[in-house]
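Commentary on secondary and tertiary structure
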Amino acid sequence: MNNVITYLLNYAFQHEFDYIIMNDAPSIWPSVACPQRNLMFINLNWENKTEIPFQLAHEIGHMLEGNTCYMYNDFYRIKIQSENQANLHAIDLLRQYCLDNDISFESAIIFAQQFGIPSHLYEIVQYRWYA
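So, here is what we can say about the structure in this document. As a convention, each chain's residues are numbered from 1 in the sequence order in which they are written. Totals for whole chains, interfaces and linings use all residues, but because this is a predicted model, local features are given only for residues with pLDDT of at least 70 and pairs of side-chain atoms are given and counted only at 80 or more. Computation of side-chain values: all heavy atoms of the structure, hydrogens and water removed.

The numbering of helices and of strands both runs from the N terminus, where a helix is a DSSP run of H or I of at least 4 residues and a strand a run of E of at least 2. Scanning the protein chain from terminus to terminus reveals five helices and three strands. Walking the protein chain from its N terminus toward its C terminus, one meets helices and strands in the order α-β-β-β-α-α-α-α. Each residue is assigned to one of three classes by its accessible area relative to the maximum for its type, calculated with a 1.4 Å probe on protein chains only: buried under 20%, partly exposed between the two thresholds, exposed over 50%. For the protein chain, the residues scored as buried account for 40% of the 131 residues in total. Residue contacts are defined here by distance: any two heavy atoms, one from each residue, within 4.5 Å place the two residues in contact. Put simply, of all contacts in the protein chain between residues at least 6 apart along the chain, 50% involve residues at least 24 apart. For accessible areas, the Shrake-Rupley method is used with a probe of radius 1.4 Å. Any residue's cover is judged against the shown protein chains and nothing else. When the accessible surface of the protein chain is summed, it comes to about 7,700 Å², and 50% of that surface belongs to carbon and sulfur atoms.

Rendered as structure tokens:
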């Protein structure tokens, strides 16, 4: 697990995204990205440790897209598009991590489970897996 987190943090660093690691935050606080401040808050104390790689990759996706966290309260459609784009980036980043490190899985679902990708995204993971 630490290797993928290090890979993703290095990716963020290479793209000049600032981040604050929160090791002692409450376990129910989600990670968040604020591209307008070029800053991510990453909760490594999240209650389900398996989900941390996907969450980190997802927040990087928001940074890559430049999605602001403030628009979520006002524009539901924009929020959905923003979350979908961040999810796609996250899946692709985790897939690239596997390719770069010669890691293979028998199926897209096992890949998704390994990196804490939510089950409602399994269809997208399978599509990206075979694309």
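What follows is about helix α5 (residues 122-130). Looking only at α5, the buried set comprises Y122, V125 and W129. Taken end-on, α5 shows its buried residues confined to a sector of 55 degrees, consistent with a single buried face. Opposite the buried face of α5, at more than 90 degrees from it, the exposed residues are E123 and Y127. Directions from the helix axis toward the C-beta atoms define the arc.

Moving on, we come to the sheet that holds strand β2 (residues 32-34). A pair of strands counts as paired when DSSP detects no fewer than two bridges linking them. With mixed pairing, the three strands of this open sheet are ordered in space as β1-β3-β2. One side of each edge strand has no neighbouring strand; the edge strands of this open sheet are β1 (18-22) and β2. Pairs of neighbouring strands in the sheet enclose a mean axial angle of 15 degrees, with direction left out of account. In this structure, β2 lies alongside strand β3 (residues 39-43), joined through three bridges in antiparallel fashion. Each residue of the ladder has a partner; that of A33, found in β3, is M40. To define axes, lines are fitted to C-alpha atoms, for helices over the stretch in contact only, and angles between the resulting N-to-C directions are given on a 0 to 180 degree scale. The strands touched by helix α2 (residues 52-65) within the sheet are β2 and β3, with β3 carrying the most contacts at an inclination of about 170 degrees.

Positive phi is not limited to glycine here, since E16 has a value of about 60 degrees. Residue E16 is classed as exposed on the basis of its relative accessible area of 62%. The phi dihedral of N38 is positive, around 50 degrees, even though this residue is not glycine. For N38, the location among the structural elements is in the loop between β2 and β3.

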